[in-house]
Amino acid sequence: MTIHAHTVSDERGTSLDIAKIRADFPILGQTVHGKPLVYLDNAATTQKPASVIDSMDSYYRTLNANIHRGVHYLSETATEAYEQVREQVGRFINAGSSREIVFVRGTTEAINLVAGTYGLANVGAGDEILITGLEHHSNIVPWQILAGRTGSVLKVVPINDAGEVQLDDFGKLLTNRTKLVSVAHISNSLGTVVPVKTIISMAHDRGIPVVVDGAQAVPHTKVDVQGLGADFYAFSGHKMFGPTGIGVLYGRMNHLESMPPYQGGGDMIKSVSFEKTIYNDVPYKFEAGTPNIAGVIGLGSAVDYLSGIDSGELEAYESKLLAYATGRLLELESVRIIGTAEEKAGVVSFTVGDIHPHDIGTILDREGIAVRTGHHCAQPVMKRFNVSATVRASLALYNTKGDIDRLVRGIQKASEVFG
Amino acid sequence: MSDLRTLYQEVILDHNKNPRGFRVMEDADKFLEGYNPLCGDHYTIYMKMNGDVIEDISFTGAGCAISKASASLMCAAIKKKTRDEASKLFRQFHDLVTGKLGSLEHLDELGRLAALGGVSEFPARVKCASLAWHTMKAVLEEKTKAVSTE
């Protein structure tokens, strides 16, 4: 079999120029263990286009200064650039106001922020916090900590054999004691697209606010936080072609205004005396200390990059690629796909006979193919399907059918080794 | 493929498929769990002592081929050995998988364990190979807390 690693002709039927997109990502041109890199670990982190890398480089070379402080040229210009990204991100997810955009380290910090401020203020002993069986550890543990602090109870909506959240079960678990719901938009371990709009509407019928973990959704689909009705929406820069260490918490203004501050320090105050401190306005109240300015600049470039691609075309292309990957993998008799939801995006999680996923991962690595193997920070999901680990191939807009063919060939090699 | 062949040698594949000493030991003097939280590798090592001698050793659990074959080879290697001999093998094994051992050094003493030498070329897999060994060492040292290689 001849393998054409990244031929454009594979990608017929899309008006996206995949070859051009690939050329935007410098890292994709390299070889690993002597083979052209196939990067299929995008749910862990995506690669960065040159425009993102260049914007951060340029920031440090020409614009570096602390923000919201100096009267000098660099500080004013850096502040302006930083605040422009806030507006840009607000438009990108259709927030009502850019003041509803809080910059944080990532999705994990965003969820911890909500748990530690809104949660502590609004959840009490005997109350319930509702999540689903699909969640990443970062949407489980902050709520367990909150439950431990407040004497509240963490409840979990079960998932079915396909890896879907059951809405009738969700409805039954919404009670008068439920004070908060927190759900993933797209599952990181299985790729299930969760009907968050319906979930939010059901929760709102009972006056319960909803946090959405959007880490896996933003790079794959157009997110409209107002359209969804989300009270909070959290996502990470590095999973949407931006830098690590920067992320976003969207919160509805009425919530953000009523919430106590998150961390204390500079920039989150209006005035400080030893007797009394007046907190700054939203969103600065939640951004204590010098923030990751270069990260915000890089995030802005990532938003620019994604905004330059038609989201309908992107979804259609990735959906076809996922269908192709699923089909090719199922041609291999020993492959069992974990997570067969009707609505899926970006992820195919699987096992190969009784070969341990880590052995597959090592063999694929030597073929230049990067996948994630393990429990994907979602141990309860693994337990639900009675596996200790899976191999996970996760897609991004620069992946091709050629990548999938290489993956399939690699799995065949692993099967040969383990005969 | 050549470096993969050094990792997944016939001996390793055989011990993965047909692990030796893979059973619960009902009359064990002591047993301890070892796990690797990142991978999900999880084993229990059982031991029966006769004075200073490891009269019998067995294991149960699940994990990747490297961790399972290593546990199997370990059981075969240290059965009927004294505590001191087992500790010495532990050190030699550790040097072997972390690449600190010259290729020919101690190969006679290591015997079939030498098959695990390929692991040193795969740094991410050293903890897989070491899990059962660290657990065995903790059992010998009368530790009671589960072992984790993370």
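Source: prediction; values computed, not measured.

The next thing to look at is the overall build of chain B. Secondary structure assignment for chain B yields six helices and four strands. Along the chain direction, N to C, the helices and strands of chain B fall in the order α-α-β-β-β-α-α-α-α-β. The C-alpha radius of gyration computed for chain B amounts to 14 Å, which stays within 12% of the reference 15 Å derived for 150 residues, consistent with globular compactness. Taken over 150 residues, chain B has a buried fraction of 45%.

Turning next to the overall build of chain A. Secondary structure summary: chain A contains 14 helices and 17 strands in total. Computed over its C-alpha atoms, the radius of gyration of chain A comes to 22 Å, within 12% of the 22 Å expected for a compact globule of 419 residues. C-alpha atoms of chain A, sized along the principal axes, occupy 75 × 55 × 35 Å. Across chain A, the fraction of contacts at a sequence separation of at least 24, relative to all contacts at a separation of at least 6, is 71%.

Turning to the pairing of strand β4 (residues 101–104) of chain A, a few remarks are in order. Residues and elements named next belong to chain A. Burial along β4 is two-sided: the residues I101 and F103 and V102 and V104 are all buried. The sheet contact formed by β4 and strand β10 (residues 247–251) spans four bridges and is antiparallel. Each bridged residue has a counterpart across the sheet, and for V104 the counterpart in β10 is G247.

This brings us to the sheet that holds strand β4 (residues 147–148) of chain B. Across the sheet, which stays open at both edges, the four strands sit in the order β3-β2-β1-β4 (chain B) with mixed pairing between neighbours. Unpaired on one side and paired on the other, β3 (53–62) and β4 of chain B mark the two borders of the sheet.

What follows concerns the packing of helix α2 (residues 10–17) of chain B against helix α3 (residues 65–78) of chain B. Residue and element names in this part refer to chain B. The interhelical angle for the contact between α2 and α3, taken along N-to-C directions, is 85°, at an axis separation of 8 Å. It follows that α2 is roughly perpendicular to α3 by the angle criterion. Here I12, L13, H15 and N16 of α2 come into contact with α3, specifically with A65, I66, K68, A69, S72 and L73. Per-class residue counts for the contact of α2 with α3 are six nonpolar, three polar and one charged.

Take the sheet that holds β10(A) next. All names here are of chain A. Within the open sheet, the seven strands sit side by side as β4-β10-β9-β8-β7-β5-β6. Their pairing is mixed. Edge positions in the sheet fall to β4 and β6 (153–157), since each of these pairs with one other strand and no more. Pairs of neighbouring strands in the sheet enclose a mean axial angle of 20°, with direction left out of account.

Residue and element names in this part refer to chain A. Residue V282 is joined to P283 through a cis peptide bond whose omega torsion reads 5°. Take P283: it is sitting in the loop between β12 (277–279) and α10 (293–307). Residue H68 is not a glycine yet carries a positive backbone phi of 55°. Mapping H68 onto the fold places it in the loop between α2 (50–63) and α3 (73–92). When the 17 C-beta atoms within 10 Å are taken as the criterion, H68 is described as partly exposed. A positive phi angle, near 75°, is found at D267, a position not held by glycine. Position of D267 among the secondary structure elements: in the loop between α9 (253–258) and β11 (269–272). Looking at D267, the number of C-beta atoms within 10 Å reads 16, which means it is partly exposed.

So, on to the interface of chain A and chain B. Taken together, the contact between chain A and chain B spans 12 residues of the former and 15 residues of the latter. Ranked by residues supplied to the side of chain A that touches chain B, first place goes to helix α12 (residues 357–366) of chain A with five residues.

Residues and elements named next belong to chain B. A residue-level look at chain B finds 93% of positions with pLDDT of 70 or above and a mean pLDDT of 89. Mean pLDDT in chain B bottoms out at helix α5 (residues 107–110), which sits at 70, and peaks at β3, which reaches 96. Overall fold confidence (pTM) sits at 0.92, and the ipTM for the predicted complex is 0.87.

Residues and elements named next belong to chain A. In a regular helix each residue adds 1.5 Å, so 16 residues correspond to 22 Å; helix α4 (residues 107–122) covers 21 Å between its end C-alpha atoms and thus fits that length. Of all the bends in α4, the largest measures some 25° and sits at A115. Extensive coverage of α4 is indicated by the burial of 13 of its 16 residues.

Residues and elements named next belong to chain A. Here the domain parsing of chain A yields domain 1 (8–46 + 310–418) and domain 2 (52–307). Taken over C-alpha atoms, the centre of domain 1 sits 28 Å from the centre of domain 2. The interface of domain 1 with domain 2 comprises 25 residues on the first partner and 25 residues on the second. Looking at the side of domain 1 that touches domain 2, the elements that each hand over two or more residues are α11 (311–330), β14 (347–352) and α13 (379–384). A class-by-class count of the residues in the side of domain 1 that touches domain 2 yields 11 nonpolar, eight polar and six charged.

Here we come to the pairing of β14(A). Residue and element names in this part refer to chain A. Burial runs high along β14: six of the six residues are buried. A two-sided burial pattern is seen for β14, the buried positions comprising V347, S349 and T351 on one face and V348, F350 and V352 on the other. Here strand β13 (residues 335–338) runs beside β14; their pairing, made up of four bridges, is antiparallel. Counterpart to R336 in the pairing with β14 is T351.

With that out of the way, let us pick up the confidence of the model for chain A. Averaged over all residues, the pLDDT of chain A equals 94, while 97% of them reach at least 70. Within the model, the stretch residues 1–9 of chain A combines pLDDT values under 50 with 15 contacts to residues more than four positions away or in other chains.

Let us now look at the packing of α11(A) against helix α14 (residues 401–418) of chain A. Residue and element names in this part refer to chain A. Look at α11 against α14: their axes get within 10 Å of each other, and the N-to-C directions meet at 20°. With respect to each other, α11 and α14 are oriented roughly parallel. Relative to α14, the crossing made by α11 is right-handed. For the pair α11 and α14, the contacting residues are L321, Y324, A325, R328 and L329 in the first and K401, I404 and V408 in the second. Here the residues of the contact of α11 with α14 sort into six nonpolar, no polar and two charged.

The subject of this paragraph is the environment of G207(A). Within the secondary structure, G207(A) is located in the loop between α7 (196–205) and β8 (210–213). Taking the C-alpha atoms as reference, G207(A) lies 27 Å from R91(A); in sequence the two are 116 residues apart.

Each value, and the rule that gives it
- Each chain carries its own residue numbering, running from 1 in the direction its sequence is written.
- Whichever chain is written first becomes A and whichever ligand is written first becomes 1, with later ones labelled in order.
- With pLDDT at 70 or above as the cut-off, local features in this predicted model cover only qualifying residues; side-chain atom pairs require 80 or more to be listed or tallied, and sums for whole chains, interfaces and linings still use all residues.
- Secondary structure elements are taken from DSSP: a helix is a run of H or I of four residues or more, a strand is a run of E of two residues or more, and numbering for both begins at the N terminus.
- The globule rule used here is 2.2 Å times the number of residues to the 0.38 power, and the radius of gyration it is set against is calculated over C-alpha atoms.
- Burial in this document is a count-based property: other C-beta atoms within 10 Å of a residue's C-beta are tallied, and the residue is buried at 20 or more, exposed at 12 or fewer, or partly exposed in between, with C-beta positions derived from the backbone.
- Here, residue contact means that the backbone-derived C-beta atoms of the two residues sit within 7 Å.
- Note: two strands are recorded as paired if DSSP finds a minimum of 2 bridges between them.
- Axes here refer to lines fitted to C-alpha atoms; in helices the fit is confined to the stretch in contact. Angles between the N-to-C directions go from 0 to 180 degrees.
- If an angle is under 35 degrees, it is roughly parallel; if it is over 145, roughly antiparallel; if it lies from 65 to 115, roughly perpendicular; otherwise it is oblique.
- Side-chain classes follow a simple rule in which Ala, Val, Leu, Ile, Met, Phe, Trp, Tyr, Cys and Pro form the nonpolar group, Asp, Glu, Lys and Arg form the charged group, and the remainder, Gly included, forms the polar group.
- On a range of 0 to 100, pLDDT expresses the predictor's confidence in each residue.
- To estimate the expected span of a helix, count its residues, drop one, and scale the result by 1.5 Å.
- Fitting axes to the seven residues that end at a residue and to the seven that start at it, the angle between those axes gives the bend at that residue.
- Where each domain begins and ends is defined by an automated method or by a domain database.
- A crossing counts as left-handed when the near helix is turned anticlockwise from the far one by less than a right angle, and as right-handed when that turn is clockwise.

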